[in-house]
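As a plain string of letters, each chain reads:
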Amino acid sequence: MADVGTVYVLGGITAVFLLMCANLVRRYAKTKDKPSLYFGITCLLWALAAVFGILIAVETSLQNESLTVLFYRASTTSGILAYLFGVFFAVALTKSDAKRGIWLSSIAFFVIIYIVWNANPAIEGVVGGTTEFTLTSLYKAPYGLPLIEIIIVSMSVMASFPIYLFIHGAKVTEDRLIKTKSYLMSIGM
């Protein structure tokens with residue numbers, strides 16, 4: 001049987017993100033506010049990533065390695081795609097014309113997804129009832145291409161752009177509430 005604690009935690013995460021998604025989509029339907037739509041999609045994709053986490057725990061308990069790997073890849077894809085929609089949210093919220101940043105973030109997304117779906121992950125072990133994976137690295141067995149390092153650099157590229165947008169937005173606004181929210185969003189990203 002799957003680790004009950006893992007299922008409860010990931011189920012709670014799923015519920016919170018689905019509630020946020022419903023509220024944001026409802027808000028978008030009323031106001032046609034694009035940041036609400038993008039953040040609603042982000043929340044939906046993070047909820048989906050958590051559901052795949054539950055499926056990983058279940059398949060780990062059933063010792064079905066092939067489905068566990070498939071759900072790991074789907075969870076990672078959903079989580080990274082959510083982050084890409086987070087970039088779209090930051091652009092829409094700050095009303096930035098930032099095509100270069102969107103392109104860089106999109107390229108980083110495709111690099112990560114290419115690695116996740118085309119490289120065979122190595123099973124590190126089972127932690128809390130869930131299989132943990134890693135990809136090859138220059139520094140860790142099995143030695144190989146620096147896949148983990150490429151993913152870290154790609155995630156840094158994806159993260160730096162919205163963080164910059166929020167910090168820049170906080171610096172140029174006079175409204176104290178928007179300034180505070182922008183700084184909090186940059187820290188959250």
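Residues numbered from 1 in each chain as written. Predicted model: local features only at pLDDT ≥ 70, side-chain atom pairs only at ≥ 80, totals over all residues. Heavy atoms only, no water.

Section: the overall build of the protein
Line of reasoning, step 1. Of the regular secondary structure elements, the protein holds 6 helices and 2 strands.
Line of reasoning, step 2. The secondary structure elements of the protein, listed N-terminal to C-terminal, are α-α-α-α-β-β-α-α.
Line of reasoning, step 3. Summarising its shape, the C-alpha atoms of the protein cover approximately 55 × 35 × 25 Å along the three principal directions.
Line of reasoning, step 4. Counting all 189 residues of the protein, 41% fall into the buried class.
Line of reasoning, step 5. Across the protein, the fraction of contacts at a sequence separation of at least 24, relative to all contacts at a separation of at least 6, is 59%.
Line of reasoning, step 6. For the protein, the exposed surface amounts to about 10900 Å²; the carbon and sulfur share of it is 68%.
Line of reasoning, step 7. Across the protein, the mean location of the 14 positive side-chain charges is 15 Å away from that of the 10 negative side-chain charges. (Helix = DSSP H or I, 4+ residues; strand = E, 2+ residues; numbered from the N terminus. Buried < 20%, exposed > 50% of the residue type's maximum accessible area, 1.4 Å probe, protein only. Contact = heavy atoms within 4.5 Å. Areas by Shrake-Rupley, 256 points an atom, 1.4 Å probe, with all protein chains shown as cover. Lys, Arg positive; Asp, Glu negative; His and termini not counted. Charge placed at Lys NZ, Arg CZ, Asp CG, Glu CD.)

A look at unusual backbone geometry
Line of reasoning, step 1. Phi angles above zero are rare outside glycine, and K32 is one such case at about 55°.
Line of reasoning, step 2. The topology assignment puts K32 in the loop between helix 1 (4–31) and helix 2 (34–61).
Line of reasoning, step 3. Relative accessible area serves as the criterion here: at 55%, K32 is assigned to the exposed category.
Line of reasoning, step 4. Even without being glycine, Q63 reaches a positive phi, approximately 55°.
Line of reasoning, step 5. Looking at the element boundaries, Q63 is found in the loop between helix 2 and helix 3 (65–94).

Here's the deal with a nonpolar patch on the surface
Line of reasoning, step 1. A contiguous nonpolar surface patch, about 390 Å² in accessible area, is contributed by W103, I107, V111 and I150.
Line of reasoning, step 2. Per-element tally for the nonpolar patch: the top contributor is helix 4 (residues 99–118), with 3 residues.
Line of reasoning, step 3. Considering the arrangement of structural elements, one finds I150 in helix 5 (residues 147–172).
Line of reasoning, step 4. When its relative accessible area of 34% is taken as the criterion, I150 is described as partly exposed. (Patch = residues over 30% accessible without salt bridge, like charges linked within 9 Å, V, L, I, M, F, W, Y side chains within 5 Å. Salt bridge = Lys/Arg side-chain N within 4 Å of Asp/Glu carboxyl O.)

Focus on the packing of helix 4 against helix 5
Line of reasoning, step 1. Packing of helix 4 against helix 5 leaves a shortest axis separation of 9 Å and a crossing angle of 155°. As far as their axial angle goes, helix 5 and helix 4 are roughly antiparallel. Classified by chirality, the crossing of helix 5 by helix 4 is left-handed. Each of G101, I102, L104, S105, A108, F109, V111, I112, I115 and V116 in helix 4 lies in contact with helix 5, whose residues at this interface are L147, I150, I151, S154, M155, V157, M158 and F161.
Line of reasoning, step 2. Looking at the contact of helix 4 with helix 5 residue by residue, the class counts come to 15 nonpolar, 3 polar and no charged. (Axes fitted to C-alpha atoms, helices over the stretch in contact; angles between N-to-C directions. Parallel < 35°, antiparallel > 145°, perpendicular 65-115°, else oblique. Left-handed = near helix turned anticlockwise from the far one by under 90°. Nonpolar A, V, L, I, M, F, W, Y, C, P; charged D, E, K, R; others polar.)

Side note on the nonpolar core
If you look at soluble globular proteins, the nonpolar side chains tend to sit buried side by side.
Line of reasoning, step 1. Counting residues in each nonpolar core, the largest one holds 22 residues, and the members touching the most others are I80, F109, I112, I115, L135, I151 and M158.
Line of reasoning, step 2. Elements with a minimum of two residues in this core: helix 2, helix 3, helix 4 and helix 5.
Line of reasoning, step 3. Sort the elements by how many residues they give to this core and helix 3 lands first, with 7 residues.
Line of reasoning, step 4. Those residues within four positions of L135 in sequence are excluded, and the remaining contacts are Y72, I115, A119, N120, P121, L147, I148 and I151.
Line of reasoning, step 5. The next biggest cluster of nonpolar side chains, apart from the first, holds 14 residues, and it includes F39, C43, A98 and F166. (Core = buried A, V, L, I, M, F, W, Y, C linked by side-chain atoms within 4.5 Å.)

Some words on the environment of S154
Line of reasoning, step 1. Checked against the element boundaries, S154 lands in helix 5.
Line of reasoning, step 2. For S154, a relative accessible area of 8% translates into the label buried.
Line of reasoning, step 3. For the pair S154 and L55, spaced 99 residues apart in sequence, the C-alpha to C-alpha distance is 26 Å.

Concerning the environment of I115
Line of reasoning, step 1. Mapped onto the secondary structure, I115 falls in helix 4.
Line of reasoning, step 2. Separated by 23 residues in the primary sequence, I115 and A92 place their C-alpha atoms 29 Å from one another.
Line of reasoning, step 3. Sequence-distant contacts of I115, defined by excluding residues within four places in its chain, comprise L135, L147, I150 and I151.

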